[in-house]
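Architecture at a glance
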Amino acid sequence: MITMTDQADDTKHSAILGGIRVADLTTGSFNYAGRLLAGLGAEVIKLETLDGDPLRQWGPFRNDEENVETGGRHLHLDAGKRSVSVDLETSEGQSIVKDIITDCDIVLESFDPGYLDTIGLSFESLVSSKTDLIMVSMSHFGQSGPYKDYHGSEIVDVAIGGYLRLTGEPDREPVKPYDDLVIQHTALHAATAAMVGIMHRDNTGEGDWFDVAVIDAALFLIGGPTQSYFFDGKVAQRNGNRLLTTEPRYLYPSTIRPCLDGYVHAHGNNRNQDLLAALMPGIGLETLFETPMGNADEIDEIMDTWLSTRDKFEVVTLAQELRLPFTEVLTPEEILADPHLEERNFLVKLEHPLEPSLLQPGQAALMSETPWINRRAPLIGEDTDEILEELLGMNENDRTDLRNKGVIR
Amino acid sequence: MTAQALNKIRVLELTTAVAGPVAGCVLADMGAEVIKIESPGGRSIRSPGAPPPIQGAPDHPYNRTPFFNELHRGKKLLSLDLKHPEGKDIFVRLVENADVVMENFSPKIVGRLGIDYAELKKIKDDIICVSMPAFGKTGPYESRASYGPGIDAMSGLSHLTGYPDRGPGKPAQFYCDQNAGLTAALTVMGAIRHRNRTGQGQYIELAMLEGEMQLIAPALMEVIMNSRSPNRIGNKHERFAPQGVYKCKGENAWVAITVRSDSEWQSLTELMGNPELANDHRFSDLRARQAHHDDIDKLIESWTSTLTQEQAEGIIQAAGIPAGALLNLNEAFTHQQFLHRNTLVHVEHPEMGTFPHTRTAWRSRNNNDGVSGPAPTFGNANSYVLTDLLNFSAEDQQKLKDRKIVSDAPLG
């Protein structure tokens, strides 16, 4: 386990985005974009309402008791950020946010398209005071086009994005991916776009406005079936745990099957299908490999018999010895208890004042010369005073006045 | 042609499967010169059933794998035997002229080929190297082999995907691969920026498992905070109810709906012609609706089944509630919003003709070219690399080909 102090004191390295300041106006799982930039060392200022980002109301909470400072999602997705709490519905709040953005390199936002325009914070108006601004707007359907004002959610976006029909069992209704999988993937695209913007600005001095849409991220995740359709005209359909192809000669298995104590991910060796028959010898698998995908049901049946008397760890150990890429299907509890994560110091303790000993996920990447920054998530408005003073030169009287008027917290 | 963020950046890509190629494809889309190095023996994801060549094109089925070509759009292809000392020498000279070396082989293969960071740094001090091991370069699973779906299994994602009353599931085609690929592209760009500012290269280790754990975090936190291991919840949502997919009129027709608040629930009951449901104590607030979710689902479905999925989407959206018809892939391709966003870019391939490529999820004013070109045919950059970059004579190139160190077509 690594504590915050170990990494923050690591002064021999300067972070990749050291000196880059980001205004983060996103909500929900879109917050992952700012989390990534904070991990790379940007100063990310979370601009949130007086009640805090609604993300904070979304659990898990310890003992199921809601606490906007210590929700699991907030602690994870806001790690490394600072917080300024300001009411965007007031003109003074809008002016503060505009002034902060003018001192930033990047703005991340996920409002309904057009909303920022109504409060005087459109890209055009921001860029007039900060000409090389990089703005990254995330939305369900995009900033323009016939669906821009449609109402989105993870399940709705993946429905329209062609993704939802591809998940689930053929004999059942389509089922959505886990949690906010595609929204969080969209946020990863957004962080990458922000980095593209920085590279472009380094080269040219120009800013840019990036329009990132969840439906696009859904289609991006689908990959191959999109291209195959244009050649064979076959529209991919959900296929349980099998890959989305009906080509009988395609490699099989790549699937999940039950074993003695749970499930394993079973996978053939791309270069040597006979290895699977070597793992499960003498039960007739070798006769089915001419058209593995075409014989998938038969292969499942034979594998299931063999698997039913072995536990998942035994199966995976035997398979991996033969270079068959089998793995155990683990529950979150099991992977957390696994020595692998501990040995890699993946879980970090970030010394949050209200959760001092809580462990949470750490790095998305390890870099040899630049740190991945893990710092605890901020309390609501924790940095309001400091940032208003530092960036906007507001003295204590100004701030008290704004606080009394309910503009900041 | 607008400016490109990664102009003049050269990337050597030694990758297999999906995650590594995705990373290279994003860098190529943004203007980098990406040279993929393949063994003369051929490639790993050349799937069976290649579509026919276009008229007049040579019949090279190995150049016509749709997914391979999607993942390698805009790249160059050098076919080079790295196991041969002379092949390795060529690689070394290329590294001298490159900014980034990216690989997603298993750690064992990297060691055997002698292309790990310590070796490459000796060749070029400020080189940036990226590894994308499944589980990491340390830890008990360092040497385990796995593709993306196998990592989904170990991360908990499979356990958390699917129907509560059935076994673990798989989200569409892949998740882990694209997640790792984009994260690699993000950190590589960051490392380039760091090098440009400090002159210092570095090594990036991107364990695919750890990238995926960023998504699984809410479930992990539930275990850590409450010692409770969460299960899959199908189409339901932790904070919104009802949410689900509901049958519509016609064969295989569904609409997805999310009700985000009590007032949206009230609006929906009005649309359903059943406004008294809003006063039903079983459905009065989020908790009540979650407790009686199955009852609500039946009521909603009895209404949506009288509508086509497009009608349902239109009516529900008009009331301000998120709703979407479940489009088949081919319907998504011609959907007006995707057309508006030019999400699919049609690029002409010399042997397959014109077909669409899926862009990253961003559009912008200055970095908006999307896809920079078609996928390369096998060994299409052999001559570019050997002649233009490394000044090999025609005679020496022929010798390399005779000895199968470089090849213009897959051997064997």
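Residues numbered from 1 in each chain as written. Chains lettered and ligands numbered in written order. Predicted model: local features only at pLDDT ≥ 70, side-chain atom pairs only at ≥ 80, totals over all residues.

1. A look at the overall build of chain B
This is how it is decided: The secondary structure listing takes helices from DSSP runs of H or I that are at least 4 residues long and strands from runs of E that are at least 2 residues long, numbered from the N terminus. Backbone-placed C-beta atoms define the burial measure: a residue is buried with 20 or more other C-beta atoms within 10 Å of its own, exposed with 12 or fewer, and partly exposed in between. Two residues qualify as a contact pair if the distance between their C-beta atoms, derived from the backbone, is within 7 Å.
Of regular secondary structure, chain B possesses 17 helices and 12 strands. Looking at chain B as a whole, 56% of its 412 residues are labelled buried. For chain B, restricting intrachain contacts to residue pairs at least 6 apart in sequence, the fraction spanning at least 24 positions comes to 68%.

2. Points about the domain arrangement of chain B
Short version of the rule: Source of the domain bounds: an automatic or database domain assignment.
What the domain assignment reports for chain B is domain 1 (10–215 + 343–402) and domain 2 (243–332). Computed over C-alpha atoms, the centres of domain 1 of chain B and domain 2 of chain B are 43 Å apart.

3. Structural notes on the sheet that holds strand β5 (residues 106–109) of chain A
Our working definition: Should DSSP find at least two bridges between two strands, the strands are taken to pair. Here, axes are lines fitted to C-alpha atoms. For helices the fit covers the stretch in contact, and angles between N-to-C directions go from 0 to 180 degrees.
Pairing is mixed across the open sheet formed by 7 strands, whose spatial order is β4(A)-β3(A)-β2(A)-β5(A)-β6(A)-β7(A)-β12(B). Edge positions in the sheet fall to β4 (81–85) of chain A together with β12 (362–364) of chain B, since each has one partner strand and no second. Across the sheet, the mean angle separating the axes of adjacent strands is 20 degrees when strand polarity is ignored. Inspection of the sheet shows β5 of chain A paired to strand β6 (residues 134–139) of chain A by 4 bridges, in the parallel sense. For I106 of chain A, the partnering residue across the bridge sits in β6 of chain A and is I134 of chain A. Along the sheet face, helix α4 (residues 91–102) of chain A touches β2 (21–25), β3 (43–48), β4 and β5 of chain A and points at about 170 degrees away from the line of β3 of chain A.

4. Considering the domain arrangement of chain A
Considered domain by domain, chain A is made up of domain 1 (2–220 + 341–404) and domain 2 (254–329). Once you take the C-alpha centre of each, domain 1 of chain A and domain 2 of chain A turn out to be 42 Å apart.

5. Concerning the pairing of strand β3 (residues 76–79) of chain B
Residue and element names in this part refer to chain B. Taking every second residue as pointing to the same face, both faces of β3 are buried, with K76 and L78 on one and L77 and S79 on the other. Two strands pair when backbone bridges link them, and strand β2 (residues 33–38) and β3 are joined in this way by 4 bridges, in the parallel orientation. What sits directly across from I37, in β3, is L78.

6. Observations regarding the packing of helix α8 (residues 176–198) of chain B against helix α9 (residues 208–226) of chain B
Residues and elements named next belong to chain B. Quick reminder of the rule: Relative orientations are named as follows: roughly parallel for angles under 35 degrees, roughly antiparallel for angles over 145 degrees, roughly perpendicular for angles from 65 to 115 degrees, and oblique for any other angle. Side-chain classes follow a simple rule in which Ala, Val, Leu, Ile, Met, Phe, Trp, Tyr, Cys and Pro form the nonpolar group, Asp, Glu, Lys and Arg form the charged group, and the remainder, Gly included, forms the polar group.
Where α8 meets α9, the axes come as close as 9 Å, and the angle between the chain directions of the two elements is 100 degrees. With respect to α9, the axis of α8 lies roughly perpendicular. Where α8 abuts α9, its residues C176, N179, A180 and T183 lie against M208, G211 and E212. The residue inventory of the contact of α8 with α9, partitioned by class, reads 3 nonpolar, 3 polar and 1 charged.

7. What about the sheet that holds strand β6 (residues 202–205) of chain B?
Read across the sheet, 7 strands follow the order β13(A)-β6(B)-β5(B)-β4(B)-β1(B)-β2(B)-β3(B) without closing on themselves; strand pairing throughout is mixed. For this open sheet the edge positions go to β13 (366–367) of chain A together with β3 of chain B, each flanked by a neighbour on one side alone. Bridge count for strand β4 (residues 100–103) of chain B against strand β5 (residues 128–131) of chain B is 4 bridges, and the pairing is parallel. Bridging across to β5 of chain B, M102 of chain B finds its partner in V130 of chain B.

8. Regarding the interface of chain A and chain B
Taken together, the contacts link 128 residues of chain A with 123 residues of chain B. Here the side of chain A that touches chain B takes 17 residues from helix α8 (residues 181–204) of chain A, the largest share from any one element. The residue makeup of the side of chain A that touches chain B, split by class, is 66 nonpolar, 40 polar and 22 charged. Of the pairings in the sheet, the one linking β13 of chain A to β6 of chain B comprises 2 bridges and is antiparallel in character. Across the sheet, M367 of chain A pairs through a bridge with I204 of chain B, a residue of β6 of chain B.

9. With respect to the confidence of the model for chain A
Using the following cut-off: Scored from 0 to 100, pLDDT records how confident the predictor is in each individual residue.
The predicted model of chain A averages 94 in pLDDT, with 97% of residues at 70 or higher. Below a pLDDT of 50 lies the segment residues 1–12 of chain A, which in the model reaches 21 contacts outside its immediate sequence neighbourhood of four places, other chains included.

10. Details of unusual backbone geometry
Residues and elements named next belong to chain A. Between G59 and P60 the backbone carries a cis peptide bond, its omega angle lying at 5 degrees. Residue placement: P60 occurs in the loop between β3 and α3 (72–77). Y252 connects to P253 through a cis peptide bond whose omega is 5 degrees. Within the secondary structure layout, P253 lies in the loop between α10 (224–232) and β8 (254–259). Of note, the phi angle at D64 is positive, near 60 degrees, even though the residue is not glycine. Along the chain, the position of D64 falls in the loop between β3 and α3.

11. A word on the pairing of β5 of chain A
Residues and elements named next belong to chain A. Of the two faces of β5, the one lined by I106 and L108 and the one lined by V107 and E109 are each fully buried. When β2 meets β5, the two strands line up parallel, connected through 4 bridges. The partner of L25 across the bridge, within β5, is E109.

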